[in-house]
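Commentary on secondary and tertiary structure
Okay, here's what each chain looks like letter by letter:
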Amino acid sequence: MSLFIPEAFIGSIKGTIAISASWLVINSYLSSKNKETGPVHLFILILWFMLLFIAGTFIEFDAFYKDQIRRVSAYMFGLLLITAIFSSGWSLKREFRLFYIFLIMLLYGPDVMSLSFFLKDLSAMRQNFTGAYIAGITGFLSGLSLLFFEKKIRSGLSPYLSLTGLFFSLSAIKLLLGGTGGYAELSLIPAVQRGLMKFFHDLVHQLFVFFMVPDHPLLKTTVWNFIGLIFGEAFTMIATLCILVIPPLVIVLRLLKRPEEVPEGLKGAERRKYIHEFMLLNRKRAFPIFLFALMVSFFWFFKAESGPGLYIPQPVPVVEEEGFVIIKLKEPGRELGDGNIHKFILRKDEKTYRFFIFKRPDGKFSVCLDACEICPPEGYGQARQHLICIYCNTPIPFNTVGEPGGCNPIPVGYIMTEKEIKIEVEEILKKWRLVHSGVSRE
Amino acid sequence: MIKVRGLKKVYPSAVALRGVDMDIQDNEWLSIMGPSGSGKSTLLNILGGLDYPTEGSVSYDGKEITTMKEDELAVFRRENIGFIFQQSYLIPYLTALENVMLAQYFHSIVDEKEAAEALKRVGLSHRLHHRPSELSGGEQQRVCIARALINSPKVLLADEPTGNLDRENTRVILELLGELHSNEGFTIVLVTHDPYVAGWGKRLLTMEDGRIIKDESFHS
């Protein structure tokens, strides 16, 4: 049996369980405050997701917009996480009831659209529209079945949820089940790590500029190699763990403290009972937050163990033809415009020169040397949103590949026809002299 | 107020209570006397929620306890009732202070200062860090009183609290109970064989063969 039916089913059930679980957690929080949300809200929610699903299925979206929709999901997740950290001590009043509904709408809207793209692509690939959609809708309905346990789950969960705990629980559900990118959406950790890499990298650059560090080859290479450690894989992985785990743990520690004030008039056993009940409630409320920190630590360890996970293709040998290297856009087993990095290697005068061709998300082709002006030429690997320098781990956003200078791969001019790309060999040799020179010529 | 209605307790081999009805007012000191096997301790155990009756009801301020589940009853006991028995049942490897703190721990949280204060009130400030084996019988029973009262119960149930003590120590314990009763205002239900001990109460119930045969009130 083809695997696309289970793929469609699991993709749908995963997304729907995430939505149902989030709804249940929110209802549990609301019921602890005697704020009920009725079936009307659930109906609005389901209607909203159905509309988005239909839109994703029947409206043709450009690849660029599809990518943007997936990004919105990641941003929503980040926003939720930040809110979780800063919401410690907040409490929302009854009037904010609809806020929770909008939260789920915003949080899972992009995921629902991504799910419809996923099913559409799957059905197109397998040329079986009905099969993919029947499996998808079955998965969707199965995920909704979680709502039958609403009452039981609600009464069990409600003592454990403060507003902060609610946001962290939603983050955990989103992290475990959100998106269509796999059984567990682990992109949080690499996303934060790449963000930190870029932050540290840009910070160092700005400091160099601010302190007018001279543009000397020694500083640009040797010193840079040492400074590069702070935006390297190991350092930023630890920084990622700190950023994701320390704030929730600080909140947990705060919740485990005794109350600062006890109501006047309480003495002896009554006073102890008040403190005990206060601490017991807070311990329960700390539990989901601690669980989130534990889960992130587990995923972090999993991610740290599995390494950077870069796509690094083997360079394909090419030869010179009348002063040019000519590469066809499409060949059996290779398509230059597929969004992946394609590496090539040219041998001339007992020397080797590596370069790559990459089609950016904005549709523009870039031809670059597999090296920059700063690092030793270890080349680049491809992550989800960036090319990554294998030597210093600097992330290069896809749409800036082909721009000259700094840590970017050195761009090479090319001539493009309908069927092929032509690169002048002399240009490759000339540009390769800049590699690891520490001197920018652009 | 404690209301007892139609209380019966039947064991496979004997009938301990044959229908007991009584009311106990708040802040009352009630003594229960009677010969061995008359049902005094069984009545006390059911009043304290340590045992279930075969028939009948016991309610505290309208709250029925005979229909409560084990865990509900445990919470009720913890928050409303203090017990003193003939034997001290102190933990032998804990000090007097730690024994009192243990009762705090099972109630809510420990507070060493408060526990020390409670032992001071029963005249044991110089014995805080002594183990039970290093205390006399009277001192052990005073630790038991401090332990029973540390969680501010509404009712203190005492089953032969002075049964192991000589007359002098019995007097000391009863004086102490009298003083705490006046100051803190909890209800005392005390079971005894000894008319001297029973005489410290304001009311005396006499039991025989599972029934109350006499109910007397004394006015000082």
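Because the structure is predicted, anything quoted here is derived from the model rather than measured.

What counts as what
- Residues numbered from 1 in each chain as written.
- Chains lettered and ligands numbered in written order.
- Predicted model: local features only at pLDDT ≥ 70, side-chain atom pairs only at ≥ 80, totals over all residues.
- Heavy atoms only, no water.
- Pairing = 2+ DSSP bridges.
- Helix = DSSP H or I, 4+ residues; strand = E, 2+ residues; numbered from the N terminus.
- Contact = heavy atoms within 4.5 Å.
- Axes fitted to C-alpha atoms, helices over the stretch in contact; angles between N-to-C directions.
- Expected span 1.5 Å × (residues − 1).
- Buried < 20%, exposed > 50% of the residue type's maximum accessible area, 1.4 Å probe, protein only.
- Buried area = accessible area lost by both parts, 1.4 Å probe.
- Salt bridge = Lys/Arg side-chain N within 4 Å of Asp/Glu carboxyl O.
- Polar contact = N/O pair within 3.5 Å; in protein donor to acceptor, adjacent residues only side chain to side chain.
- Nonpolar A, V, L, I, M, F, W, Y, C, P; charged D, E, K, R; others polar.
- pLDDT = per-residue confidence, 0-100.

1. A few points about the sheet that holds strand S1 (residues 2–10) of chain B
Residue and element names in this part refer to chain B. Pairing in this open sheet of four strands is antiparallel, and the strands run S2-S1-S4-S5 from one edge to the other. Both edges of this open sheet fall to strand S2 (15–24) and strand S5 (63–64), since each of them pairs with a single strand only. Sheet topology places S1 next to S2; seven bridges connect them, and they run antiparallel. Each bridged residue has a counterpart across the sheet, and for Lys8 the counterpart in S2 is Arg18. Relative to the sheet, helix H1 (residues 40–47) contacts S1, S2 and strand S4 (55–60), its axis offset from that of S2 by approximately 55°.

2. Observations regarding the sheet that holds strand S5 (residues 342–348) of chain A
Across a sheet, strands are paired by hydrogen bonds formed along the backbone, either parallel or antiparallel in direction. Residue and element names in this part refer to chain A. The strand order S1-S5-S6-S7 describes an open sheet built from four strands, whose pairing is mixed. Two strands in the sheet have a free side with no partner beyond their single neighbour: strand S1 (316–318) and strand S7 (365–369). Averaged over all pairs of adjacent strands, the angle between strand axes in this sheet comes to 30°, irrespective of strand direction. Where S1 meets S5, three bridges bridge the pair, whose relative direction is parallel. Bridge pairing in S5 links Pro317 to Ile345. Across the face of the sheet, helix H12 (residues 425–432) comes into contact with S5, strand S6 (351–359) and S7 while running at roughly 105° to S6.

3. Some remarks on helix H8 (residues 188–210) of chain A
The terminal C-alpha atoms of H8 of chain A, which comprises 23 residues, lie 32 Å apart, in line with the 33 Å expected from a rise of 1.5 Å per residue. Listing the buried residues of H8 of chain A in full gives Leu188, Ile189, Gln193, Arg194, Leu196, Met197, Phe200, His201, Val204 and Phe208 of chain A.

4. A closer look at the pairing of strand S9 (residues 386–389) of chain A
Residue and element names in this part refer to chain A. Where burial is concerned, the two faces of S9 agree: the one with His386 and Ile388 and the one with Leu387 and Cys389 are both buried. Taken together, the three bridges between strand S8 (residues 380–382) and S9 define a ladder with antiparallel strand orientation. Following the sheet pairing, Tyr380 is matched in S9 by Cys389. Across three bridges, S9 lies against strand S10 (residues 395–397) in antiparallel orientation. Bridging from a neighbouring strand, Ile388 pairs with Pro395 of S10.

5. Thoughts on the interface of chain B and chain A
Residue-level contacts link 11 residues of chain B with eight residues of chain A. Between chain B and chain A lies a buried interface of about 800 Å² when both sides are counted; carbon and sulfur atoms form 51% of it. Taken together, the connections running from chain B to chain A amount to three salt bridges. We note a salt bridge from Glu79 of chain B to Lys273 of chain A, for which the minimum N-O separation is 3.2 Å. At the boundary of chain B and chain A, one finds seven residue pairs in polar contact (both at pLDDT 80 or more). Considering only residue class, the side of chain B that touches chain A consists of three nonpolar, five polar and three charged.

6. Details of the confidence of the model for chain A
All names here are of chain A. Model confidence for chain A is summarised by a mean pLDDT of 79, while 85% of its residues fall at 70 or above. Long-range and interchain partners of residues 180–185, a stretch whose pLDDT sits below 50, account for 18 contacts in this model, where long-range means more than four residues apart. Counted against residues more than four places away or in other chains, residues 438–442, with its pLDDT under 50, gives 13 contacts.

7. What about the side chain of Ser171 of chain A?
Positionally, Ser171 of chain A belongs in helix H7 (residues 163–177). On the accessibility criterion, Ser171 of chain A (0% relative accessible area) is buried.

8. A closer look at the pairing of strand S7 (residues 155–159) of chain B
Residue and element names in this part refer to chain B. The buried count for S7 comes to five of five residues, which makes it a mostly enclosed element. Of the two faces of S7, the one holding Val155, Leu157 and Asp159 and the one holding Leu156 and Ala158 are both buried throughout. As defined by bridge partners, strand S6 (residues 81–84) adjoins S7 across four bridges and the pair is classed as parallel. If you follow Phe83 over to S7, its bridge partner there is Leu157. When S7 meets strand S8 (residues 187–192), the two strands line up parallel, connected through five bridges.

9. Describing the pattern of salt bridges
Going through the model one piece at a time under the given rule, you end up with 22 salt bridges over all chains. Among the ionic pairs, Arg271 of chain A bridges to Asp111 of chain B, the shortest N-O distance being 3.4 Å. Within this pair, whereas Arg271 of chain A is found in helix H11 (residues 268–306), its partner Asp111 of chain B is found in the loop between helix H3 (96–107) and helix H4 (112–121), the two belonging to separate chains. Taking the relative accessible area as the measure of exposure, Asp111 of chain B reaches 19% and is therefore buried. One salt bridge connects Arg354 of chain A with Asp370 of chain A, and the closest N-O pair in it is separated by 3.0 Å. Separated by 16 residues along the polypeptide, Arg354 of chain A in strand S6 and Asp370 of chain A in the loop between S7 and S8 bring together distant segments of the chain. Each member of the pair Arg354 of chain A and Asp370 of chain A is classed as buried. Put simply, Lys343, Arg354 and Asp370 of chain A are held in one network by salt bridges that share partners.

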